[in-house]
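# Notes for the structure review
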Number of protein chains: 2
Amino acid sequence: MPNCIVAQSGGPSSVINATLAGIIKANQLNPVYGHVYGAINGIEGVLQERFVDLSKMTERENLVLRQTPSSALGSCRYKLQRDNLEDVEKVMSVMERYDAETLFYIGGNDSMDTVAWLSEYASKKGIKNRRFIGCPKTIDNDLMVIDHAPGFGSAAKFIATTALQCWQDITVYPPSRKEVFILETMGRDAGWLAASACLSGVVDLLIVPEKTFDKEVILEEIRQIIEERSKCFVVISEGAHYADGTYIASGEARNDLFGHAVLGGAARALEQMILEAGVSPRCKIQELSTAQRSHASEQSRVDVTESFNLGMSAHMHSMDPAFTGKMVCLRRRKDIEEYDVEYYAIDADRVANFVRNFPEKWLLPNFRGVTEEALEYMRPLIKGQPQLIMEHGLPEMTVPYYMRDCEIEKK
Amino acid sequence: MPNCIVAQSGGPSSVINATLAGIIKANQLNPVYGHVYGAINGIEGVLQERFVDLSKMTERENLVLRQTPSSALGSCRYKLQRDNLEDVEKVMSVMERYDAETLFYIGGNDSMDTVAWLSEYASKKGIKNRRFIGCPKTIDNDLMVIDHAPGFGSAAKFIATTALQCWQDITVYPPSRKEVFILETMGRDAGWLAASACLSGVVDLLIVPEKTFDKEVILEEIRQIIEERSKCFVVISEGAHYADGTYIASGEARNDLFGHAVLGGAARALEQMILEAGVSPRCKIQELSTAQRSHASEQSRVDVTESFNLGMSAHMHSMDPAFTGKMVCLRRRKDIEEYDVEYYAIDADRVANFVRNFPEKWLLPNFRGVTEEALEYMRPLIKGQPQLIMEHGLPEMTVPYYMRDCEIEKK
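Since this is a predicted model, take the numbers as computed values, not measurements.

### Considerations on the overall build of chain A
Looking only at helices and strands, one finds 12 helices and 15 strands in chain A. For chain A, the C-alpha radius of gyration of 22 Å lies close to 22 Å, the compact-globule estimate for 411 residues. A buried classification covers 65% of the 411 residues belonging to chain A. In chain A, 77% of the contacts between residues at least 6 apart in sequence involve partners at least 24 apart. Carbon and sulfur atoms provide 47% of the accessible area of chain A, an area that totals close to 15,100 Å². On chain A, the mean spot of the 45 positive side-chain charges and the mean spot of the 57 negative ones are 2 Å from each other.

### Some words on the sheet that holds strand E3 (residues 51-53) of chain A
Residue and element names in this part refer to chain A. Taking strand neighbours across the sheet as the criterion, the 7 strands line up as E3-E2-E1-E4-E5-E12-E13 in an open arrangement whose pairing is mixed. Looking at the sheet topology across the chains shown, the edges are occupied by E3 and strand E13 (341-347). Taking each pair of neighbouring strands and ignoring which way they run, the sheet shows an average axis angle of 30 degrees.

### Remarks on the packing of helix H4 (residues 85-97) of chain B against helix H5 (residues 109-124) of chain B
All names here are of chain B. Close contact between H4 and H5 brings their axes to 11 Å; oriented N to C, the two are set at 75 degrees. The orientation of H4 relative to H5 falls into the category roughly perpendicular. Residues Leu-85, Val-88, Glu-89, Val-91 and Met-92 of H4 touch H5, and the partners they reach there are Trp-117, Leu-118, Tyr-121 and Ala-122. Split by residue class, the contact of H4 with H5 holds 8 nonpolar, no polar and 1 charged.

### Re unusual backbone geometry
Most peptide bonds take the trans configuration, and most residues that are not glycine carry a negative phi. Here Ser289(A), not a glycine, exhibits a phi torsion of approximately 40 degrees, which is positive. Relative to the helices and strands, Ser289(A) resides in the loop between strand E11 (283-287) and helix H10 (291-294). In this structure, Asn129(B) takes a positive phi of about 55 degrees despite not being glycine. With respect to the helices, strands and loops of the structure, Asn129(B) is situated in the loop between H5 and strand E5 (131-136).

### Section: the side chain of Lys284(A)
Positionally, Lys284(A) belongs in strand E11. Setting aside its immediate chain neighbours within four residues, Lys284(A) contacts Arg177(A), Glu179(A), Val180(A), Phe181(A), Ile182(A), Thr290(B) and Arg293(B).

### Points about the relation of the copies chain A and chain B
For the pair chain A and chain B, the best superposition has an RMSD of 0.0 Å and corresponds to a rotation of 180 degrees with a translation of 0.0 Å parallel to the axis. Within this description, the copies of the chain are treated as partners about a two-fold rotation axis. Closest approach to the rotation axis among the C-alpha atoms of chain A is made by Glu287(A), whose C-alpha sits 3.5 Å away. The share of interface residues of chain A whose copies in chain B are also at the interface is 100%, consistent with both copies meeting through the same surface.

### Some words on the packing of aromatic side chains
Scanning the entire structure with this criterion turns up 26 aromatic pairs over all chains. Summarising the aromatic geometry, the rings of Phe213(A) and Tyr242(A) are spaced 5.5 Å apart at their centres and angled 90 degrees between planes, so their arrangement reads as edge-to-face. Pair noted here: Phe213(A) is in the loop between strand E7 (205-207) and helix H8 (215-229) and Tyr242(A) is in the loop between strand E8 (231-237) and strand E9 (254-255), with a separation of 29 residues, a long-range link. Between the aromatic rings of Phe51(B) and Tyr98(B), the centroid separation amounts to 4.9 Å while the plane-to-plane angle is 65 degrees, which identifies the pairing as edge-to-face. Taken together, the positions of Phe51(B) in strand E3 (residues 51-53) and Tyr98(B) in the loop between H4 and strand E4 (100-107) put the pair 47 residues apart, joining distant regions of the chain. No difference in accessibility class separates Phe51(B) from Tyr98(B), as the two residues are buried. By way of ring pairs, the aromatic residues Phe152(A), Trp192(A), Phe358(A), Trp362(A) and Tyr377(A) are connected into one cluster. The ring of Tyr401(B) carries the charged tip of Arg404(B) above its face, separated from the ring centre by 4.1 Å.

### Regarding the pattern of salt bridges
All names here are of chain B. In this structure the tally under the stated criterion is 53 salt bridges over all chains. Where Glu-59 meets Arg-66, a salt bridge forms, and the shortest distance between an N and an O atom there is 4.0 Å. By relative accessible area, Arg-66 is classed as buried at 17%. For Glu-372, the salt bridge goes to Arg-379, with nearest N and O atoms at 3.2 Å. Since its relative accessible area comes to 23%, Arg-379 is described here as partly exposed. Through salt bridges that share partners, Lys-79, Arg-82, Asp-110, Asp-113, Glu-120 and Lys-124 make up one connected network.

### Re the sheet that holds strand E1 (residues 3-8) of chain B
All names here are of chain B. Strand order across the open sheet formed by 7 strands is E3-E2-E1-E4-E5-E12-E13, with mixed pairing between neighbours. Taken across any chain shown, the strands that pair with only one partner, and hence form the sheet edges, are E3 and strand E13 (341-347). Pairs of neighbouring strands in the sheet enclose a mean axial angle of 30 degrees, with direction left out of account. Pairing of E5 with strand E12 (residues 326-332) involves 2 bridges; the strand directions are parallel. From the neighbouring strand, Gly-134 faces E12, where its bridge partner is Met-327. Each of E4, E5 and E12 is contacted by H5, which is oriented at about 165 degrees to E5, the strand it contacts most.

### Side note on helix H5 (residues 109-124) of chain A
All names here are of chain A. Over its 16 residues, H5 runs 22 Å from end to end, which matches the ideal 22 Å to within 8%, given 1.5 Å per residue. For H5, a buried count of 13 out of 16 residues is recorded, marking the element as mostly surrounded by other parts of the structure. The positive-phi residue at the C-terminal boundary of H5 is Gly-126, with phi of around 65 degrees.

### Quick notes on the interface of chain A and chain B
Contact with chain A, which involves 62 residues of that partner, is made by 62 residues of chain B. Summing the contributions of chain A and of chain B, the shared interface buries around 4,900 Å²; its carbon and sulfur component is 56%. Ranking the residues of chain A by area buried against chain B places Gln165(A), Gln168(A) and Tyr173(A) at the top, with a combined share of 14%. The tally of links from chain A across to chain B stands at 2 salt bridges. Linking chain A with chain B are 32 residue pairs in polar contact (both at pLDDT 80 or more). At the level of elements, helix H6 (152-170), E11, H10 and strand E15 (394-395) of chain A are the ones that each hand at least two residues to the side of chain A that touches chain B. It is H6(A) that provides the largest number of residues to the side of chain A that touches chain B, a total of 11 residues. By residue class, the composition of the side of chain A that touches chain B is 26 nonpolar, 24 polar and 12 charged.

### Considering helix H1 (residues 16-29) of chain A
Residue and element names in this part refer to chain A. Taking 1.5 Å of rise per residue, the 14 residues of H1 would be expected to cover 20 Å, and the 20 Å separating its terminal C-alpha atoms lies within 8% of that figure. The buried count for H1 comes to 12 of 14 residues, which makes it a mostly enclosed element. If you check which residues of H1 are buried, you get Ile-16, Asn-17, Ala-18, Thr-19, Leu-20, Ala-21, Gly-22, Ile-23, Ile-24, Lys-25, Ala-26 and Asn-27. Here the buried face of H1 lies against strand E1 (3-8), strand E2 (36-39), helix H3 (59-66), strand E4 (100-107), strand E5 (131-136) and helix H11 (301-317).

### A look at the pairing of E4(A)
All names here are of chain A. Taking burial as the measure, the 8 residues of E4 include 8 buried ones, the bulk of the element. Summarising the sheet, E1 and E4 pair through 6 bridges and their orientation is parallel. Directly across from Cys-4, in E4, lies its bridge partner Thr-102. When E4 meets E5, the two strands line up parallel, connected through 6 bridges. For Thr-102, the partnering residue across the bridge sits in E5 and is Arg-131. Crossover handedness for the path E4 to H5 to E5: right-handed.

Rules used in this analysis
Residues numbered from 1 in each chain as written. Chains lettered and ligands numbered in written order. Predicted model: local features only at pLDDT ≥ 70, side-chain atom pairs only at ≥ 80, totals over all residues. Heavy atoms only, no water. Helix = DSSP H or I, 4+ residues; strand = E, 2+ residues; numbered from the N terminus. Rg over C-alpha atoms; globule rule 2.2 N^0.38 Å. Buried < 20%, exposed > 50% of the residue type's maximum accessible area, 1.4 Å probe, protein only. Contact = heavy atoms within 4.5 Å. Areas by Shrake-Rupley, 256 points an atom, 1.4 Å probe, with all protein chains shown as cover. Lys, Arg positive; Asp, Glu negative; His and termini not counted. Charge placed at Lys NZ, Arg CZ, Asp CG, Glu CD. Pairing = 2+ DSSP bridges. Axes fitted to C-alpha atoms, helices over the stretch in contact; angles between N-to-C directions. Parallel < 35°, antiparallel > 145°, perpendicular 65-115°, else oblique. Nonpolar A, V, L, I, M, F, W, Y, C, P; charged D, E, K, R; others polar. Least-squares fit on C-alpha atoms with pLDDT ≥ 70 in both. Phe/Tyr/Trp six-rings, centres within 6.5 Å; stacked < 30°, edge-to-face > 60°. Lys NZ or Arg CZ within 6 Å of the ring centre and 35° of its normal. Salt bridge = Lys/Arg side-chain N within 4 Å of Asp/Glu carboxyl O. Expected span 1.5 Å × (residues − 1). Buried area = accessible area lost by both parts, 1.4 Å probe. Polar contact = N/O pair within 3.5 Å; in protein donor to acceptor, adjacent residues only side chain to side chain. Right-handed = clockwise from strand over helix to strand, strands pointing away.

On their own, these measurements won't tell you what the molecule is for.
In structure tokens, the structure reads:
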């Protein structure tokens with residue numbers, strides 16, 4: 001009986017592990033693969049033949065995995081380059097040696113490029129019985145084609161919940177205390193995360209990468225709001241930038257290993273402008289940083305369920321020998337009023353290396369938030385509370401496999 | 001039938017409103033006061049005669065109030081000064097005019113000083129039938145006498161939950177990526193909040209105000225941990241300081257209206273030291289800022305229950321005409337093994353203007369965290385999940401009274 005390999009890549013989210021859990025569970029319901037091998041640290045684990053055997057996971061372990069943020073198998077930022085044939089040949093030979101017919105790759109658009117490329121290579125070389133299947137994830141919600149990216153709903157829920165509660169906090173003092181509160185979210189190129197704060201109903205101003213940062217207009221809006229009601233609640237994406245593309249965050253943006261800019265500090269830059277212009281005597285900043293992508297304890301039930309289902313769906317599709325170079329996908333059902341999704345598959349290269357922006361038509365003029373249509377799109381994605389398995393008052397977590405001494409022997 | 005007044009003061013927490021809800025509910029169970037008047041913005045609302053009538057709150061409204069962070073009545077930083085007789089006389093005359101026999105004041109140690117002082121003044125002047133009763137709250141857990149402060153458990157739960165999940169996030173990349181993660185908590189003078197992160201079991205180093213910041217030792221410890229396992233998880237209180245009392249945060253600490261230093265930036269200062277010393281090539285920072293004190297959506301069930309009970313207890317005690325200048329209090333039961341508390345009362349001036357520090361004997365050498373005894377003390381305080389009333393995927397919140405148009409007519 002053939003085996004399969006699963007790997008996780010890219011930045012953490014609250015529900016990547018739910019997709020992994022779905023693949024594992026599907027193979028227990030229909031054991032078409034003898035072993036489900038988890039690769040440690042993404043494609044690096046495949047290249048280095050670092051595998052753990054996930055086939056025998058108990059139902060309880062599976063439930064705990066679904067509520068554990070980040071990647072239990074470890075992640076990587078290593079990307080298979082199309083001109084590096086050594087790597088791709090190594091992947092093929094490892095799969096042959098471990099009798100792995102399918103490689104499931106859970107990740108963002110860079111990972112979908114890997115899926116497309118491996119599939120293309122195998123087909124070109126006439127390598128039979130090797131399938132490469134992508135499972136989408138990213139808190140940024142900037143993947144093409146798919147209605148929304150698994151991981152976004154949970155991040156949005158945490159951001160909106162935090163916004164709602166911080167607003168209760170900052171409005172508590174009398175009007176004599178004028179104050180601007182600035183909530184900074186992730187979102188280098190896309191404003192989905194910042195926009196999700198608007199679900200709270202408390203956001204006065206929204207600054208996203210899709211709309212050029214206009215200092216004059218923004219300061220004037222803040223001045224008006226402070227005058228009217230003494231407190232102003234601003235949400236800003238880390239990727240807020242001027243017309244020429246310069247980030248407001250800082251001139252010294254570093255690049256990560258994929259050449260993407262690493263940001264942070266947009267809120268502090270805006271604070272500086274506000275204080276210097278005398279628009280408000282006080283500013284308070286909340287940078288959501290790492291917490292926004294790893295707060296699985298408040299994950300959206302819709303999000304975690306869909307992520308699990310995408311894993312199941314990927315496994316089920318993989319029984320078709322011709323199913324390769326694909327990404328499992330979801331779209332909203334249009335045949336009913338209530339929210340529900342249906343699962344299908346698309347070519348992975350339709351997703352790879354593109355970014356879907358927050359629609360400009362969903363932004364209100366003068367940075368005053370988002371339209372009702374935008375809220376309607378986002379609202380169902382944050383619904384439902386997780387039923388957490390707790391231990392000593394904290395959510396139980398899967399001990400990451402990359403920290404356990406449980407790798408199988410190399411073949 | 002006489003009335004009573006309730007006011008809230010000081011910085012927000014996740015459960016101050018639960019204490020308010022307890023007072024309101026107790027008066028519905030035993031209506032000894034004709035009206036429960038809520039003062040808008042603490043003692044300022046009493047002085048300005050800004051009241052709302054809370055007597056008729058429904059059970060559902062009461063439940064929502066318990067899950068709403070911050071102070072639904074608004075807060076203040078105005079403190080009655082002992083040499084300002086005008087203010088204290090105004091309080092007495094307002095209480096007489098509104099036929100308010102009791103003033104419940106929910107707050108921290110500054111508020112307990114107000115309770116003590118008003119009570120002392122009334123007694124000195126022979127003013128009969130006026131009672132002043134304090135209900136404790138503070139996320140900082142630095143109140144004297146009481147076993148633990150209402151608000152601390154919920155903040156601790158959020159901090160430990162966030163630490164646990166951020167650790168899953170930062171450890172996800174291969175060992176070749178060396179990284180220090182720095183979690184900054186509130187805690188100007190006391191390290192309770194930072195120490196609570198240790199409940200997660202993932203903290204490598206803990207830096208609190210109770211132990212002088214020793215740069216050399218700390219950098220050496222980080223160097224060792226990075227060498228051993230490539231990632232290092234540090235938790236630091238905003239109030240971390242050198243032997244001479246200088247905060248590591250910055251030289252420009254501002255003072256708030258009570259003369260307390262307003263801090264923030266300890267993590268960034270430490271990051272600078274780490275990068276300059278070359279101890280790690282990367283640092284990531286998570287400042288918990290406002291979120292840590294207002295994240296009621298993950299409040300501890302134990303904490304919210306105790307806070308509600310303290311409000312009930314205050315109301316019940318207030319039926320005794322001699323009960324004034326007191327703070328309702330709780331202590332752990334010693335007659336049983338499992339965790340439970342009993343309620344009693346103490347003189348408010350035993351709490352006023354003192355700070356209880358995190359015990360030094362509970363700190364491990366070389367900033368390596370806390371002892372098992374410390375964990376045993378904290379563990380029961382974060383237990384139990386709230387049963388939230390949700391709306392569109394977000395916890396329902398009480399619309400703050402200071403934003404509603406519902407104040408009663410002045411008398």
